[in-house]
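Tertiary structure, described
Residues per chain are reported as follows:
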Amino acid sequence: MSKQAMREETERLVREALERKTVAIKQGKTRIEAKCGKCGAPNRLAAEKNAVRVKFTCKECGQAQQSL
Ligand SMILES: [Zn+2]
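Read on for an overview of the structure. Along each chain, residues carry numbers from 1 onward, in the same order as the chain's sequence is written. Only residues with pLDDT of at least 70 are given local features in this predicted model, and only at 80 or more are side-chain atom pairs given and counted; all residues enter the totals for whole chains, interfaces and linings. Side-chain metrics in this entry use all non-hydrogen atoms of the structure; hydrogen atoms and water are not considered.

Here we take up the coordination of the zinc ion. Bound to the zinc ion are the protein donor atoms Cys36 (SG), Cys39 (SG), Cys58 (SG) and Cys61 (SG), situated 2.3 Å from the metal. For Na, K and Ca the donor cut-off is 3.2 Å, and for all other metals it is 2.8 Å, counting N, O and S atoms only; because water is absent from this set, sites may look incomplete. When four donors show all angles between 85 and 135 degrees the site is tetrahedral, when four or six donors have opposite pairs over 155 degrees and all other angles between 65 and 115 it is square planar or octahedral respectively, and in every other case it is irregular. One can describe the donor arrangement at the zinc ion as tetrahedral, given that its four donor atoms subtend angles of 106 to 114° at the metal. If you list the donors of the zinc ion from N- to C-terminus, the spacing comes out as C-x2-C-x18-C-x2-C. Of this pair, Cys39 sits in the loop between strand 1 (29–35) and strand 2 (42–48) while Cys58 sits in the loop between strand 3 (55–57) and strand 4 (64–66); the two residues are 19 residues apart in sequence, bridging distant segments of the chain. With a relative accessible area of 43%, Cys39 lands in the partly exposed category. Under the scheme applied here, a residue whose accessible area is under 20% of the maximum for its type counts as buried, over 50% as exposed, and between as partly exposed, the area being computed with a 1.4 Å probe on protein chains only. Judged by its relative accessible area of 4%, Cys58 is buried. Only DSSP runs of H or I with at least four residues qualify as helices, and only runs of E with at least two residues qualify as strands; both kinds are numbered from the N terminus onward.

See below:
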């Protein structure tokens, strides 16, 4: 196997792994609505299905916090 072929093979494997990961994340995530504790703006978050608390930064005021 040439160096070029080895590099292409490695890139292909990485790409496939990333694609699998992306699919897994999509399937395991859910969308939740969280209200900012500082300004009250609604923020839509992507969270793990079983996540209780999700860290997020308010899109309106930039306050970093956790959803309840
Ligand atoms: Zn806010």
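A carboxyl oxygen of Asp or Glu within 4 Å of a side-chain nitrogen of Lys or Arg is what we treat as a salt bridge. Inspection of every chain in the model, using the stated rule, returns five salt bridges. For Arg12, the salt bridge identified is with Glu9, shortest N-O distance 3.1 Å. In this pair, Arg12 and Glu9 both sit in helix 1 (residues 3–28), three residues apart, roughly one turn of the helix. With relative accessibility at 34%, the residue Arg12 sits in the partly exposed group. Among the residues examined, Glu9 registers a relative accessible area of 30% and is labelled partly exposed. The partner of Lys29 in a salt bridge is Glu48, with the nearest N and O atoms 3.7 Å apart. Linking Lys29 in strand 1 with Glu48 in strand 2, this pair joins segments that are 19 residues apart in sequence. Using a relative accessible area of 45% as the deciding quantity, one classes Glu48 as partly exposed.

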